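If you want the building blocks of each chain, they are given just below.
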Amino acid sequence: MTDIFVYNTQAREKQKFEPIDPQNVRMYVCGPTVYDYAHIGNSRPVVVFDMLFRLLRHVYGAEHVTYARNITDIDDKIMKRAVDEGSSIKAVSNRYSKIYQEDMAMMGALDPTLQPKATEHLGEMIRMMQTLIEKGHAYVAEGHVLFNVPSMENYGTLSGHSRDELVAGARVEVAPFKKDPADFVLWKPSSEDQVGWNSPWGRGRPGWHLECSCMIEKHLGETIDIHGGGQDLIFPHHENEIAQSECAHDAPFVRYWMHNGYLTVDGEKMSKSLGNYHTVHDLVREFPGEALRLSILTAHYRQPVDFSLDSAREQKRRLDRWYRLTDGVTAAAEVPTSVIEALADDLNTPKAIAALDALAAVETAAELKAGAQFMGLLMNDPANWFQSFDEAQSAFIEANTETYMQARTDKDFAEADRIRDEAKALGLVIEVGADGIKWRKAD
């Protein structure tokens, strides 16, 4: 059996992965809050942990791996969107949940084993709060239920900071009814015009952190193998999940914590005001999802990844080459060892991609196809991938895209006209927009 090594955020070191039960490997990853379209940064944990899901299934068997990725469908942002649209939170969350799943599928992500919704677990949340109150880890104040952070001696082990450092560095909600500034909300009251559910402490709604703890408890158990998510969730979300679950169960919560790094766009933080904000829903209209997936996988998951439209185009060209090489080729029966070994070493996807590039030759096309498909790539029919361009047209596009754009940049109109004329002779039309070049077959 292949040994898998992962970087454990809590231990701050790379460790050999040893599941609690090899017959039931359990992984949970924080999913979306469904009130809007997912942006390209939201897709990074999906792609990263989809890659881990594929590796775990390969090593332990698909029937022995359970991967849960939740849907957060209780949230103030969802409530606001529902009010703005004159709709219900259920209608809003259902609509954006469906779009999210379709967009992630376009990026080659397998469906998780389970996709639990927060609204389906109110009973579990109430029971966990009652347990925490009984054990002295939570208290009721002015219709709120709050976790009593000082009651947990080792609070802060995931982020590596003391309670005082965490309070100083976080935007902790100031409230006179808190016993300690670090205490966080498990349940909060709802006004008459807000969505709410009945509870022993009055009508209200749960805190975000509590939702994940209860979904994990119900579907995966008190202690799980892997919990993943973005680096931004380490504190307070994951730190507070640990507090709730371990204090409620008196048992370890997670064996291996894994976090992916941030995604920037064109070297900057993604922002609508900067004009570099890209939703997956929009991007998949311009690029094949596989090109977006490969763009994300070019960086190691723990490192930052810089996304750009140019990087997506570059990975599209790389995939073009691989598709041409493997057209009509049957994938090898076994995934190349070089690909598995790279991924088993803390999901070293850049090394795995380099292994695929090394296989990109006629004599190893079958191995290339097997390795790429294992990574969720080369899953399309080549004819569909190339939009039914013939071999000569595809070769021309690959050879002249960058040349044409450079000619336009240099204002070398004679060279640009030459390429356009040759393209026309091949039955191709070049279209240039604000975001780059597109090729299509002439009408």
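To be clear, the structure that these remarks concern was listed above.
Just so you know, these numbers come straight off a predicted model, no measurement behind them.

## Considering the overall build of the chain
- Counting its regular elements, the chain contains 16 helices and 14 strands.
- Here the chain has a C-alpha radius of gyration of 25 Å; the compact-globule value for 443 residues is 22 Å, and the two agree.
- Counting only residues that meet the buried cut, the chain has 52% of its 443 residues in that class.
- Restricting the contact set of the chain to residue pairs at least 6 apart, pairs at least 24 apart contribute 75%.
- Within the structure as shown, the chain displays about 20,000 Å² of accessible surface, and the carbon and sulfur contribution to it stands at 48%.
- The average position of the 47 basic charges and that of the 67 acidic charges among the side chains of the chain differ by 3 Å.

## Thoughts on the pairing of strand S7 (residues 184-189)
- Direction of pairing for strand S6 (residues 144-147) relative to S7: antiparallel, over a ladder of three bridges. Paired with Leu 146 across the strands is Val 185, a residue of S7.
- The sheet contact formed by S7 and strand S8 (residues 204-206) spans three bridges and is antiparallel. Paired with Lys 188 across the two strands is Arg 205, which belongs to S8.

## Here we look at the packing of helix H11 (residues 337-344) against helix H12 (residues 349-358)
- Orientation of H11 relative to H12, taken along the N-to-C sense of each, is 170°, at an axis distance of 8 Å. In terms of axis orientation, H11 runs roughly antiparallel to H12. Between H11, through Ser 338, Val 339, Ala 342 and Leu 343, and H12, the contact on the second element is made entirely by Thr 349, Lys 351, Ala 352, Ala 355 and Leu 356.
- Partitioning the contact of H11 with H12 into residue classes produces six nonpolar, two polar and one charged.

## Re the sheet that holds strand S9 (residues 224-230)
- The sheet built from four strands is open, its strands ordered S4-S3-S9-S10 with parallel pairing. In this open sheet, the two edge strands, each paired with only one partner strand, are strand S4 (65-69) and strand S10 (254-260). Recorded for the sheet is a direction-independent mean angle of 20° between the axes of neighbouring strands.
- As paired strands, S9 and S10 are joined by six bridges and run parallel to one another. Across the sheet, Ile 226 pairs through a bridge with Tyr 256, a residue of S10.

## Comments concerning the nonpolar core
- Of all hydrophobic cores here, the largest spans 80 residues; its most connected members are Met 27, Ile 40, Leu 56, Leu 319, Trp 322, Met 375 and Trp 439.
- Of the residues forming this core, the biggest block, 11 residues, is contributed by helix H1 (residues 43-60).
- In this structure, Ile 40 is in contact with Met 107, Leu 263, Val 265, Met 270, His 278, Thr 279, Val 280, Leu 283, Ile 296 and Phe 307, ignoring residues within four places of it in sequence.
- Among the nonpolar cores identified, the runner-up in size contains 39 residues, and Cys 30, Met 129, Ala 182 and Ala 243 belong to it.

## Comments concerning the packing of aromatic side chains
- Applying the stated criterion to the full structure yields eight aromatic pairs.
- Their ring planes at 90° and their centres at 5.6 Å tell us that Tyr 37 and Tyr 96 sit as a pair that is edge-to-face. With Tyr 37 in the loop between strand S3 (25-29) and H1 and Tyr 96 in helix H3 (residues 89-106), the pair connects residues that are 59 residues apart, well separated along the chain.
- The exposure class assigned to Tyr 96 is buried, which follows from its relative accessible area of 7%.
- Positioned above the aromatic ring of Tyr 139 is the side chain of Lys 179, whose terminal nitrogen or guanidinium carbon lies 4.5 Å from the ring centre.

## Quick notes on the pairing of strand S1 (residues 5-8)
- The alternating pattern of S1 places Val 6 and Asn 8 on a buried face and Phe 5 and Tyr 7 on a face that is not buried.
- Linking S1 back to strand S2 (residues 13-16) in an antiparallel pair, the connection comprises four residues, with Arg 12 at a positive phi of about 60°.

## Digging into helix H16 (residues 413-425)
- When the terminal C-alpha atoms of H16 are compared, their 18 Å separation across 13 residues agrees well with the 18 Å that a helix rising 1.5 Å per residue should span.
- Within H16, burial applies to Ala 416, Ile 419 and Ala 423. Down the axis of H16, the buried set is contained in an arc of 65°. They therefore lie on one face. For H16, the exposed residues set more than 90 degrees away from the buried face come down to Phe 413, Ala 414, Asp 421, Lys 424 and Ala 425.
- Buried residues belonging to H16 abut helix H15 (391-409), strand S13 (428-433) and strand S14 (436-441).
- A positive backbone phi angle near 85° is found at Gly 427, which sits one or two residues after H16.

## So, the pattern of salt bridges
- By the definition in use, this model includes 23 salt bridges.
- Put simply, Asp 36, Arg 81, Glu 85 and Arg 95 are held in one network by salt bridges that share partners.

## Quick look at the environment of Met 375
- Residue position: Met 375 is located in the loop between helix H13 (365-374) and helix H14 (382-385).
- Residue class for Met 375 comes out buried when judged on its relative accessible area of 0%.
- Along the backbone, Met 375 and Asp 50 are 325 residues apart, and their C-alpha atoms lie at a distance of 9.0 Å.
- Sequence-distant contacts of Met 375, defined by excluding residues within four places in its chain, comprise Met 51, Arg 54, Arg 293, Leu 297, Val 339, Leu 343, Thr 349, Ala 352, Ile 353 and Leu 356.

## Re the sheet that holds S8
- Taken in spatial order, the four strands of this open sheet run S5-S6-S7-S8, and their pairing is antiparallel. Each edge of the open sheet carries a strand with a single partner, namely strand S5 (138-141) and S8. Sheet twist, expressed as the average angle between the axes of neighbouring strands with direction ignored, equals 20°.

## Remarks on the side chain of Ser 190
- Mapped onto the fold, Ser 190 is located in the loop between S7 and S8.
- A polar contact is formed between the side chain of Ser 190 and the side chain of Arg 205, at a distance of 3.0 Å.
- For Ser 190, the residues in contact, after removing those within four places along its chain, are Val 195, Gly 196, Arg 203, Gly 204 and Arg 205.

## Points about a negative patch on the surface
- Together, Asp 327, Asp 381, Asp 390 and Glu 391 make up a negatively charged patch on the protein surface.
- Mapped onto the elements, Asp 390 comes out in the loop between H14 and H15.

Rules used throughout
Residues numbered from 1 in each chain as written. Predicted model: local features only at pLDDT ≥ 70, side-chain atom pairs only at ≥ 80, totals over all residues. Heavy atoms only, no water. Helix = DSSP H or I, 4+ residues; strand = E, 2+ residues; numbered from the N terminus. Rg over C-alpha atoms; globule rule 2.2 N^0.38 Å. Buried < 20%, exposed > 50% of the residue type's maximum accessible area, 1.4 Å probe, protein only. Contact = heavy atoms within 4.5 Å. Areas by Shrake-Rupley, 256 points an atom, 1.4 Å probe, with all protein chains shown as cover. Lys, Arg positive; Asp, Glu negative; His and termini not counted. Charge placed at Lys NZ, Arg CZ, Asp CG, Glu CD. Pairing = 2+ DSSP bridges. Axes fitted to C-alpha atoms, helices over the stretch in contact; angles between N-to-C directions. Parallel < 35°, antiparallel > 145°, perpendicular 65-115°, else oblique. Nonpolar A, V, L, I, M, F, W, Y, C, P; charged D, E, K, R; others polar. Core = buried A, V, L, I, M, F, W, Y, C linked by side-chain atoms within 4.5 Å. Phe/Tyr/Trp six-rings, centres within 6.5 Å; stacked < 30°, edge-to-face > 60°. Lys NZ or Arg CZ within 6 Å of the ring centre and 35° of its normal. Expected span 1.5 Å × (residues − 1). Arc of directions from axis to C-beta. Salt bridge = Lys/Arg side-chain N within 4 Å of Asp/Glu carboxyl O. Polar contact = N/O pair within 3.5 Å; in protein donor to acceptor, adjacent residues only side chain to side chain. Patch = residues over 30% accessible without salt bridge, like charges linked within 9 Å, V, L, I, M, F, W, Y side chains within 5 Å.

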